[in-house]
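Notes for the structure review
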Amino acid sequence: MGAKYTIPHEVTYYECDVNHTMKLSTMIAIVIKVSEEQSDLLNRGNDYIHQFGVTWIITHYEVFISRLPRVNEKIQVTTQAMQYNKYFCYRDFWITTESGEELVHIESIFSLMNYTTRKISSVTEDIIAPFESEKITKIKRPPKVESLENPSSTAYNVRFYDIDSNHHVNNSVYFDWLIDGLGYDFLTTYEPKYINVRFDKEVEYGKQIESLYEVVDQENGKQTRHAIKIADKKYCEAQIEWQEK
C-alpha cells in the first residue's frame, strides 16, 4: 500500500450546516484537496498528468461515518493511494480527531479520462509510480445501489459555480443535489452513517438535472435511495443509511 499523507484542518462555521456539523459536500471537497496536495508534492499534479491528455475523475465513493466533524473542531485528514489496476485506482481517506479517534473513512475509486474523447484511459506507470500503491489485476466491484421504486423529485439548474476546471460538475456538488430534497425536518432529525455513491456520466454546464429520492423505513433508522437524471439517462445513483441524532 502507498504512502500516507495527512494535513490538519480546523472546521469553520461556513463548512457546516444548521446542525453545526460539516456538510457532506464540504467534506468531499476537503478530502479531494488533500489528495491533490499529495499529488503535487509527488510531482504528479494536474500540470503533470495533463501533458498526457488525461485528467482524474471519480467513479465511486463508499463512506463510513461514526460522526461528522463539528464546527470549530480540529481534525486530521489523511489519504493513501491503496491499489491500482489497468483502469482504476483505489484511494482511501480518513478523518480523525486530534487524539486519533476515527470519525469518517472513505473508500474511493478514481479513473483517468481522456480530455478529447471523454473516455476512460489506462493508468500508466509514469503517473502512478510515486504513490507506491500496490498493483493488482482484479477489478473491485463496489456494493450495488438499490433502484428507486416510488421516488419524489426536485429539479436543479447546473450553475457556473457548479463546474470545475475539468468543465463538468464537481463531484462534491452531487451531494447537495442528492440530499436537499429530503427537507429540513428529515435532515435535522437524522444524520448519515453510511453512503454508497456511483457516478456514471458527466453533468455539464447549462443542463437541468432531476434529483430523484425516496425514504425507505428500516428497523434501525432509515435508508434513502437517490438518482440524478437528465431526461431518461442516469448520471449518478446513491444509497444512504441514516440514524437519529
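This write-up is about the structure you can find in this document. (Residues numbered from 1 in each chain as written. Predicted model: local features only at pLDDT ≥ 70, side-chain atom pairs only at ≥ 80, totals over all residues. Heavy atoms only, no water.)

1. Here we look at the environment of Asn170
- The topology assignment puts Asn170 in the loop between β8 (152–157) and α4 (171–180).
- On a C-alpha basis, the gap between Asn170 and Ile58 in space is 9.7 Å, while along the polypeptide they are 112 residues apart.
- Leaving out residues up to four positions away in the same chain, Asn170 has contacts with Asp162 and Asp164. (Helix = DSSP H or I, 4+ residues; strand = E, 2+ residues; numbered from the N terminus. Contact = heavy atoms within 4.5 Å.)

2. A look at the side chain of Glu191
- By secondary structure assignment, the location of Glu191 is in strand β9 (residues 190–199).
- Beyond its immediate stretch of four places on either side in the chain, Glu191 contacts Glu241, Trp242, Gln243, Glu244 and Lys245.

3. Observations concerning helix α1 (residues 24–41)
- Along its 18 residues, α1 runs 26 Å from first to last C-alpha, staying within 8% of the 26 Å computed at 1.5 Å per residue.
- Taken as a whole, α1 has its buried residues at Leu24, Ser25, Thr26, Met27, Ile28, Ile30, Val31, Ile32, Val34, Ser35, Gln38 and Ser39.
- Once α1 ends, the next one or two residues include Asn43, with phi positive near 60°. (Expected span 1.5 Å × (residues − 1). Buried < 20%, exposed > 50% of the residue type's maximum accessible area, 1.4 Å probe, protein only.)

4. Some thoughts on the pattern of salt bridges
- Scanning the model with the defined rule gives nine salt bridges in all.
- Residue Lys33 is joined to Glu37 by a salt bridge in which the shortest nitrogen-to-oxygen separation is 2.4 Å. On the criterion of helical spacing, the pair formed by Lys33 and Glu37 is a turn pair, its members being four residues apart in helix α1.
- Taking the relative accessible area as the measure of exposure, Lys33 reaches 44% and is therefore partly exposed.
- The partner of Lys135 in a salt bridge is Glu125, and the shortest N-O contact between them spans 3.4 Å. In this pair, Lys135 is assigned in strand β7 (residues 134–135) and Glu125 in helix α3 (residues 125–128), connecting sequence segments ten residues apart.
- Three or more residues joined by partner-sharing salt bridges are found here, namely Arg198, Asp200, Lys234 and Glu237. (Salt bridge = Lys/Arg side-chain N within 4 Å of Asp/Glu carboxyl O.)

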